[in-house]
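Examination of the molecular architecture
Residues per chain are reported as follows:
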Amino acid sequence: MIRICDVEKYYGSGSHVTKAVDRVSFTVETGEFIGVMGASGSGKTTLLNMLSTIDHVTAGHIFYDEEDITELSEDKLSEFRKNNLGFVFQDYNLLDTLTVEENIVLAMTLHKKGKEKVKKECDDLLRLLGISQVRDKFPYEISGGQKQRCACARALANHPRLLLADEPTGALDSKAAQTLLETFTDMNKRFGATIFMVTHDAFSASYCSRILFLKDGKIFHELIAGENGRRAFLNEILDVLSLTGGEFQNDV
């Protein structure tokens, strides 16, 4: 589905250049739930921003199927984002002046869907994500976990090829975080959603099917979830993180 080929990202100029991502290459298969971990400054959010077309590569290429998004104009990138990507971020990015339902519907109307289709698909998402009971409430009237599930519904509204999540559990308590991660797992299995999640939390990462570990802008290790269960995978993650020398969380 996605090929990242020798991608580099530099910030600054002259003698003050920082290499945030250093010749990174990997693939993301359709239906994967992939996580990226690393200490602060390792380049994980920069990598996500380039995958999401929010930021541009300095060198290298990113292919979605056979389309090289690093060669697209700004107008075509905007269209590409609208048609292919869904976003879930730590701070929700919901519009406070709209209800939960209206936040989801707004994402659908940008694609010019018919009114009846929008209503049905919105009802389905509200039900599947367990937030039907707060559909008429405003974001400031609901919990952080409900806000994040609303953000998930909005991200899924147009059936994106890739769902990008940047520290999605960072602002949630442990119970809400677990509910959200179980929602991600359900979305991945039920809808075949391809998910790319950046996290520094080992517990969150243990829900992924594969994890890439970044250090100083490079991939230095990879883990694939085996058949031994999530607890065993969590222990493997913690073993790798202990080698990075960076800060991480274990909110079990």
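Description of the structure in this document. (Residues numbered from 1 in each chain as written. Predicted model: local features only at pLDDT ≥ 70, side-chain atom pairs only at ≥ 80, totals over all residues. Heavy atoms only, no water.)

1. Thoughts on the side chain of Ser52
- If you trace the backbone, Ser52 turns up in the loop between helix H1 (44–51) and strand S4 (59–64).
- Here Ser52 falls in the buried class, since its relative accessible area comes to 0%.
- Not counting residues up to four positions away in its chain, the partners in contact with Ser52 are Arg81, Leu85, Phe87 and Leu164. (Helix = DSSP H or I, 4+ residues; strand = E, 2+ residues; numbered from the N terminus. Buried < 20%, exposed > 50% of the residue type's maximum accessible area, 1.4 Å probe, protein only. Contact = heavy atoms within 4.5 Å.)

2. Notes on the environment of Ile142
- Following the sequence through the fold, Ile142 ends up in the loop between helix H4 (115–128) and helix H5 (144–156).
- The class for Ile142 is buried, based on a relative accessible area of 9%.
- Placed 45 residues apart in sequence, Ile142 and Thr97 show a C-alpha to C-alpha distance of 13 Å.
- When sequence neighbours within four positions are dropped, the list of residues in contact with Ile142 reads Val100, Val134, Lys137 and Lys147.

3. Here we look at the sheet that holds strand S8 (residues 195–198)
- What the six strands build is an open sheet, ordered S6-S7-S8-S3-S9-S10; its pairing is mixed. The open sheet has two edge strands, strand S6 (85–89) and strand S10 (218–224), and neither has a second partner. Within this sheet the neighbouring strands show an average axis-to-axis angle of 20 degrees, counted without direction.
- For strand S3 (residues 33–37) and S8, the ladder comprises four bridges, and the chain directions are parallel. In the strand pairing of S8, Gly35 is matched with Met197.
- Strand contacts of H1: S3, S6, strand S7 (162–166), S8 and strand S9 (210–215), with the helix running at about 150 degrees to S8, the strand carrying the most contacts.
- On the sheet, helix H8 (residues 230–241) packs against S3, S9 and S10 and is oriented at approximately 160 degrees with respect to S10. (Pairing = 2+ DSSP bridges. Axes fitted to C-alpha atoms, helices over the stretch in contact; angles between N-to-C directions.)

4. So, the pairing of S6
- Where burial is concerned, most of S6 is hidden: four out of the five residues are buried.
- Where S6 and S7 come together, five bridges link them in parallel fashion. Looking at S7, one finds that Val88 is bridged to Ala165.

5. So, the sheet that holds strand S2 (residues 18–28)
- Strand order in the open sheet formed by four strands is S2-S1-S4-S5, with antiparallel pairing between adjacent strands. Taken across any chain shown, the strands that pair with only one partner, and hence form the sheet edges, are S2 and strand S5 (67–68).
- Pairing geometry for strand S1 (residues 2–11) and S2, over seven bridges, is antiparallel. Looking across to S2, one finds that Lys9 is bridged to Val21.

6. Description of the nonpolar core
- Ranked by internal contacts, the top residues of the largest apolar core, which has 50 residues, are Val100, Ile104, Phe184, Met187, Ile211, Phe213 and Ile237.
- Residues contacting Phe213, with those up to four places away along its chain left out, are Met37, Lys218, Ile219, Phe220, His221, Glu222, Leu223, Ile237, Val240 and Leu241.
- One finds Ile4, Val7, Leu48 and Met50 within the second-largest nonpolar core, a separate group that totals 28 residues. (Core = buried A, V, L, I, M, F, W, Y, C linked by side-chain atoms within 4.5 Å.)

7. Examining the packing of H5 against helix H6 (residues 174–190)
- Direction vectors running N to C along H5 and H6 enclose 20 degrees, while the axes themselves pass 9 Å from each other. In terms of orientation, H5 lies roughly parallel with respect to H6. Read as a crossing pair, H5 and H6 show a hand that is right-handed. Only Ala176, Thr179, Leu180, Thr183, Phe184 and Met187 of H6 make contact with H5, whose side of the interface consists of Gly145, Gln148, Arg149, Cys152 and Leu156.
- Within the contact of H5 with H6, the residues separate by chemical class into six nonpolar, four polar and one charged. (Parallel < 35°, antiparallel > 145°, perpendicular 65-115°, else oblique. Left-handed = near helix turned anticlockwise from the far one by under 90°. Nonpolar A, V, L, I, M, F, W, Y, C, P; charged D, E, K, R; others polar.)

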